[in-house]
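# Tertiary structure, described
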Amino acid sequence: SQKKSSVPGVSIRQLVEEIPEGCSTPDFEQKPVTLALQEGKNAIFRAVVCGEPRPKVHWQSTKGDLSNSSKYQVSSAPGSKEHVLQVNKLTGEDTDVYRCTAVNMYGEATCTVRLTVIEVGFRKKRKRQKEPQEVCCDQRGEASDLLSLLPRALPAPKKKVDLEQVWQLLMTADRKDYERICMKYGIVDYRGMLRKLQEMKQEQEDKMAQYVNAISNLRHIRVTKGGIATFDLELDLKDSESKIYLYKDGEMVPYGFDNLTKHCLRRLGKRYNFQIQDLRPEDSGIYQVKVEDTIVFSTELEASAIPARVVVPLAETRCEEQADAVFECTLSNPCPSAAWQFRRRPLQPSDKYEVSVSPNGLTHRLVVRGARFSDMGLYSLDTGFYASSAWLVVEAGKDKDLQTTSTDSQQQELSRRSGKEGSKDRDATRSPTPSYKRGTGSFSMEVRGPSGHFSQGLADTEVQQGETAILSCTLTSDLGPGTWFKDGVKLTTQDGVVFEQEGLVHRLLIAHVQRTQAGRYTFVASNQQSEATLTVQDTPIIAPDVTEKLREPLVVKAGKPVAVKIPFQSCLPVQATWRKDGAEVEGSGSRGTQIALGDGYTRLCLPSADRKDRGQYSVTLKSEGGSVQAKLTLQVIDKPEPPQGPLEVQDCHGAGVCLRWRPPRDDGGQAVEHYVVERRQAGRSTWLKVGEALADGTTFTDARVERGRKYAFRVRAVTSEGAGEALESEEVLVAPEALPGAPSAPAIVSASSQGITLTWTAPRGPGSAHILGYLIEKRKKGSNTWTAVNDQPLPERRWTVVDVRQGCQYEFRVTAVAPSGPGEPGPPSDVVSARDPMRPPGPVRNLQVTDTSNTSITLSWAGPDAQDGDEAQGYVVELCGSYSLQWIPCHEGTVPVTTYTAKGLRPQEGYFVRVTAVNEGGHSQPTALDTLVQATPTTVCPKFLMDSSIKDSLTVKAGDTFRLPVSFEAAPMPEVTWLKDGLPLPKRSVTTTKDGLREIFHPLSSRHLWCLVTAAMALPTVALPTVALPLGVGVPACPQPPGPIRLQENVPGTVTAEWEPSPDEAQGIPLHYAVLTRSSVNSRWREAADRVYTNRFTLLGVLPGYEYHFRVVAKNEVGASKPSDTSQPWCIPRQRSEWSL
């Protein structure tokens, strides 16, 4: 099992289940430090290791062991925990990742450290051997095209990093990383850095205190095996709605909440996990997490930590026997740990295999010297995260038969015949043609049918891993025992295969076939051969004990996290799909579900299970070799839901209160044991348990209730998990003995500053026959609190309340009291003031009419004189028609102000008006106007309203209708007359008047018309002068065409065109001409000149032997005229030279 070390970057694996007391697994107290040194110096790595018993420590690199004692020196002082690795005289080949491992009987601890050697000077280029000639030109061309897109050996320009970001990075970095960060960003004052860092941390804590309660468990960026960069932290936010932002190098980075985006956030409780997918070199930089506007965490993604991607993959290579085969693969960034493999086995550089890397570290090259048939197979370049593979196909030269080399008597090499030569007697089965599938690194074999000495050749076969594979072929005649080959290598019984022969049938049996046994098999007999491909499908395997455990339901309690881990075995990439009740489960959903897929396992996590999560789950593991499915049942136990309502409460008349409900819809996965019934009296907050009901009964009777009181009841279902939520009823009044009804609202008899006298009528109905008396309550106006006036019931239905304050307003209500108790209070009385009676106000003053219209009259007046009475609280406005004797109020209630507009009057009708002042003491004497007021508007002299939108002149195209709006003010509505050049407009012109706006719609057809339109206004009933508004209207039209065109040659090589002017030009209308030409070569008209203001145009560059046509068009601001064309084309004869022989 894995354990966590106190030192970051250390991996501890425990080898036993229990460790005795006093013993421990190995661990690193101090891990080696990453170094970057110049070429020629010595590198020293120091590691301090602890553990009981004392662990053994050994060092290794990714390129192999460290057995060269002159190059590598490993030392450790006796009894000391410090172990030292020294690498002498560094060269560029020493750049590598070194691993330090400490092992004892209880576990092992591992950490890695990188050494980077900085090369100086110029490196000599290696002399490359001549490359094979038989290389696919297309593939080399594609590779060269892609290589041209890659950066050359020049280093990439360094990104400018804001120093403020570096300080933020230091504040959240581990102390052991201070020195590395300072050296990287050029901070040389180490002590000054520590002092400044302390001050900045204090300021940062004050800023974070606004949004964050606590921050802990900061984990810096690390790159997983899947090539995903991840970092996380725990945040206890003061406000869960606070916004969280992600920045890279000072710029905000958008992120999502699923795996579909490059940057995503996964949140589990207070844990915030950020992920960066599809890593590229440009993703390196400083990442910062902000809460609102405050930085809480900074971390850095190093460029060296980003895994290298394959830019130009390996391509299939073909070569003849004994020739050199070359493989090249280009990566996105340098990867010193990239390793070559042959048939999934590591390749070490040797005379046979030459490995080299380009100066920029991007292109990796493998040269297979003197390729033989045994070298055929799959070659791969593995970077640790990504890999690229391709086949090497070794072909025999022309007319070469299958032969056995003298250097390897046990290995026969198959020759591939080229061309169409050879007889059927010698070639029983033609060699399959391998075709490379781009992006897969594999071949598909096209096996042709048997011929010659094979009646049935080998056939391509697919089997599951662990099954028995059988390859069989049948000869037409006995050619001997024959020989079997796999990928060009001769097979023997030591390879775990069985050879069978029954007559002419030859079989190859492979029991419990493994993935490594997949490949191309060949049977050879007397120079005749047949080939086929064996494919081993690797279906993911789930251990039987895991499947057995999944048959039992998984039971969890609600609120607890659920983690289901399914381990499996597969050599191919696996996709895991989780489903619940047939529906696919999505990770990072609204419920926080998480799905993980790691090396050899898949896991489903539910952070907090509830009843909705119960059901049938299944996981499907799918790879190229097949799929397998596992199922499990999840049961979530929770408290029961409330019983189903409504909770019925019924008065049983002497027996108490009967309750009735229905069982809960969901019992939480456990049977209901009983129900608990509780009761609460109205006005109180305490619930009292009154009894329990059996699980099979859903009724209960509470006999201990008091009559005349209100109660609320609730019921809970109880299971082994506890009591669930309650079903609660509304407050219910338990029917008391008959109580008296409510008296009437008190009537105010009199009111003064000394007291208020009330009277009321007795109630009616059951319980009102024997009234003991009445209780009186009062409250101030606007208050909700009632105060008792008397303690003992009053036998009379009249009472004077003397406990009042002068000037205050009160309301009163009465409650009847009977032997059964007090009844419901009666309705409140009207609001009354406790003060002496007021005097009526005096009459209003200065009544006058301020405005009139056809339907309204506006009045204003002054308030009464204070000497004539008390202050007025309102006014009443009344009207009386000229033919009526009755005064009618114009409004409801009173008018609080000294102005009023009476609306809804009849036009041109006269009215008498009067106004009366009102207060609590009564009404004043009305004040009326002596004269009759007419409902007519006031007279306003006509006036045109001119603004910037109205112009003195208007230009309209002939045939269009123009709209000419004119605004004015006048009262009453004036008569508007439109005149054109002093004469009235015809009836076909349309004019409208609306809200002081006069419009004219007039169609125009005459050409080049300029007229003067006048709008005149006059009031019909008032002798006022007429007002006129002159407006000019111009009506231009398209010009008439010009006259005939005359052509003449004034200068050799030119043509001058003259035409008669357009008739409109004589009328002084502005216009111009456009000249168009076409020749016998080009039949389309083209514009030779525009805006010609004369009647003459000269065309230059006229060629002999061509015909030229001319067209002239007159134009103005409205449009163009019809064209005028030449009747005959212009042509200059071509002169032919005389030739003499």
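What counts and what doesn't
- Residues numbered from 1 in each chain as written.
- Predicted model: local features only at pLDDT ≥ 70, side-chain atom pairs only at ≥ 80, totals over all residues.
- Heavy atoms only, no water.
- UniProt positions renumbered as here; feature names shortened; annotations may be inferred.
- Helix = DSSP H or I, 4+ residues; strand = E, 2+ residues; numbered from the N terminus.
- Buried < 20%, exposed > 50% of the residue type's maximum accessible area, 1.4 Å probe, protein only.
- Areas by Shrake-Rupley, 256 points an atom, 1.4 Å probe, with all protein chains shown as cover.
- Pairing = 2+ DSSP bridges.
- Axes fitted to C-alpha atoms, helices over the stretch in contact; angles between N-to-C directions.
- Contact = heavy atoms within 4.5 Å.
- 1 Å grid on protein atoms, 1.4 Å probe; cavity = no way out; pocket = protein on both sides within 12 Å on 5 of 7 lines; lining within 4 Å.
- Points joined across faces, edges and corners; volume = space filled by probe spheres on them.
- Nonpolar A, V, L, I, M, F, W, Y, C, P; charged D, E, K, R; others polar.
- Salt bridge = Lys/Arg side-chain N within 4 Å of Asp/Glu carboxyl O.
- Parallel < 35°, antiparallel > 145°, perpendicular 65-115°, else oblique.
- pLDDT = per-residue confidence, 0-100.

Per an unreviewed UniProt entry, the protein is named Immunoglobulin-like and fibronectin type III domain-containing protein 1, and its organism is Otolemur garnettii. Entered under Subunit (unreviewed entry) in the UniProt record, the comment concerning the protein runs "Interacts with FLNC. Interacts with KY."

Time to look at the overall build of the protein. Tallying secondary structure elements over the protein gives six helices and 90 strands in all. Within the protein, the proportion of its 1141 residues that are buried is 40%. Working note: accessible area of the protein is about 65,100 Å², and carbon and sulfur atoms make up 49% of it.

Another point: unusual backbone geometry. One can expect most non-glycine residues to show negative phi and most peptide bonds to be in trans. The step from glutamate 52 to proline 53 runs through a cis peptide bond, and the omega angle for that step is 0°. Along the chain, proline 53 falls in the loop between strand E5 (43-52) and strand E6 (56-61). Between glycine 645 and the following residue, proline 646, the backbone shows a cis peptide bond with an omega angle of 5°. Examined against the element boundaries, proline 646 turns out to sit in strand E49 (residues 643-651). Residue lysine 89 is not a glycine yet carries a positive backbone phi of 45°. If you trace the backbone, lysine 89 turns up in the loop between strand E8 (82-87) and strand E9 (96-104). Unusually for a residue other than glycine, glutamine 322 sits at a positive phi of about 75°. Examined against the element boundaries, glutamine 322 turns out to sit in the loop between strand E20 (317-320) and strand E21 (325-331). Exposure remark for glutamine 322: the relative accessible area of 52% places this residue in the exposed category.

So, about the sheet that holds strand E17 (residues 285-291). Sheet strands pair by backbone hydrogen bonding; their relative direction is either parallel or antiparallel. Pairing is antiparallel in the open sheet, where four strands are placed in the order E14-E13-E17-E18. Among the strands making up the open sheet, the edge pair consists of strand E14 (251-253) and strand E18 (294-301). Strand-to-strand twist of the sheet, defined as the mean angle between neighbouring strand axes without regard to direction, takes the value 30°. Pairing analysis gives three bridges linking strand E13 (residues 244-248) to E14, with the strands arranged antiparallel. Note on E14: the bridge partner recorded for leucine 246 is valine 253. Strands in contact with helix H2 (residues 163-172) are E17 and E18; relative to E18, the strand with the most contacts, it is inclined by about 90°.

The next point concerns empty space enclosed by the protein. According to the stated counting rule, one finds two cavities of 30 Å³ or more in the structure shown. For the second largest cavity, the calculated volume is near 60 Å³. Leu554, Val562, Val564, Trp578, Leu604, Leu606, Tyr617, Leu632 and Leu634 together form the lining of the second largest cavity. Counting only elements with at least two residues in the lining of the second largest cavity, the list comes to strand E42 (562-567), strand E46 (601-606) and strand E48 (626-637). Broken down by class, the residue content of the lining of the second largest cavity amounts to nine nonpolar, no polar and no charged.

Now for the UniProt feature "coiled-coil region" (unreviewed entry) in the protein. When the UniProt feature table is mapped onto this chain numbering, "coiled-coil region" (unreviewed entry) sits at residues 187-221. As annotated, residues 187-221 has a helix share of 54% and a strand share of 29%, and its two end C-alpha atoms lie 22 Å apart.

Our focus in this paragraph is the pattern of salt bridges. Tallied over the entire structure, the rule returns 43 salt bridges. Linking glutamate 29 and lysine 81 is a salt bridge whose minimum nitrogen-to-oxygen distance equals 3.4 Å. Here glutamate 29, found in strand E3 (residues 24-30), pairs with lysine 81, found in the loop between strand E7 (72-76) and E8; they are 52 residues apart in sequence, far enough to count as distant. Judged by relative accessible area, glutamate 29 falls into the partly exposed class, the value being 45%. With relative accessibility at 38%, the residue lysine 81 sits in the partly exposed group.

Attention now moves to the pairing of strand E35 (residues 483-486). Alternating positions in E35 separate into two faces, Thr483 and Phe485 on one and Trp484 and Lys486 on the other, with burial throughout. Sheet topology places E35 next to strand E39 (residues 519-525); four bridges connect them, and they run antiparallel. Within E39, the position partnered with threonine 483 by the bridge is valine 524. When E35 meets strand E36 (residues 489-490), the two strands line up antiparallel, connected through two bridges. The partner of phenylalanine 485 across the bridge, within E36, is lysine 490. Joining the antiparallel neighbours E35 and E36 is a turn of two residues, in which aspartate 487 adopts a positive phi near 55°.

Further remarks concern the packing of H2 against helix H3 (residues 178-185). Interaxial distance between H2 and H3 falls to 10 Å at its minimum, and their mutual angle equals 170°. In terms of axis orientation, H2 runs roughly antiparallel to H3. On the side of H2, the interface is formed by Val166, Leu169 and Leu170, while H3 contributes Tyr178, Ile181 and Tyr185.

In contact at an axis separation of 12 Å, H3 and helix H4 (residues 190-208) are set at 105° when each is read in the N-to-C sense. As judged from the angle between their axes, H3 and H4 are roughly perpendicular. Touching Tyr178, Glu179 and Cys182 of H3 are Tyr190, Met193, Leu194, Leu197 and Lys201, all from H4. Of the residues that constitute the contact of H3 with H4, the class distribution is six nonpolar, no polar and two charged.

This part takes up the side chain of threonine 916. Relative to the helices and strands, threonine 916 resides in strand E70 (residues 910-919). Accessibility expressed as a relative area gives 7% for threonine 916, which makes it buried. Ignoring sequence-local partners within four residues, the contact set of threonine 916 consists of Gly874, Tyr875, Val876, Glu878, His923, Ser924 and Pro926.

With 85% of its residues at a pLDDT of at least 70, the protein reaches an overall mean of 80. Low pLDDT, under 50, characterises residues 121-157; the stretch is placed with 35 contacts to residues that sit more than four places away or in other chains. A low-confidence stretch, residues 398-451 (pLDDT under 50), is modelled with 126 contacts involving residues beyond four sequence positions or located in other chains.

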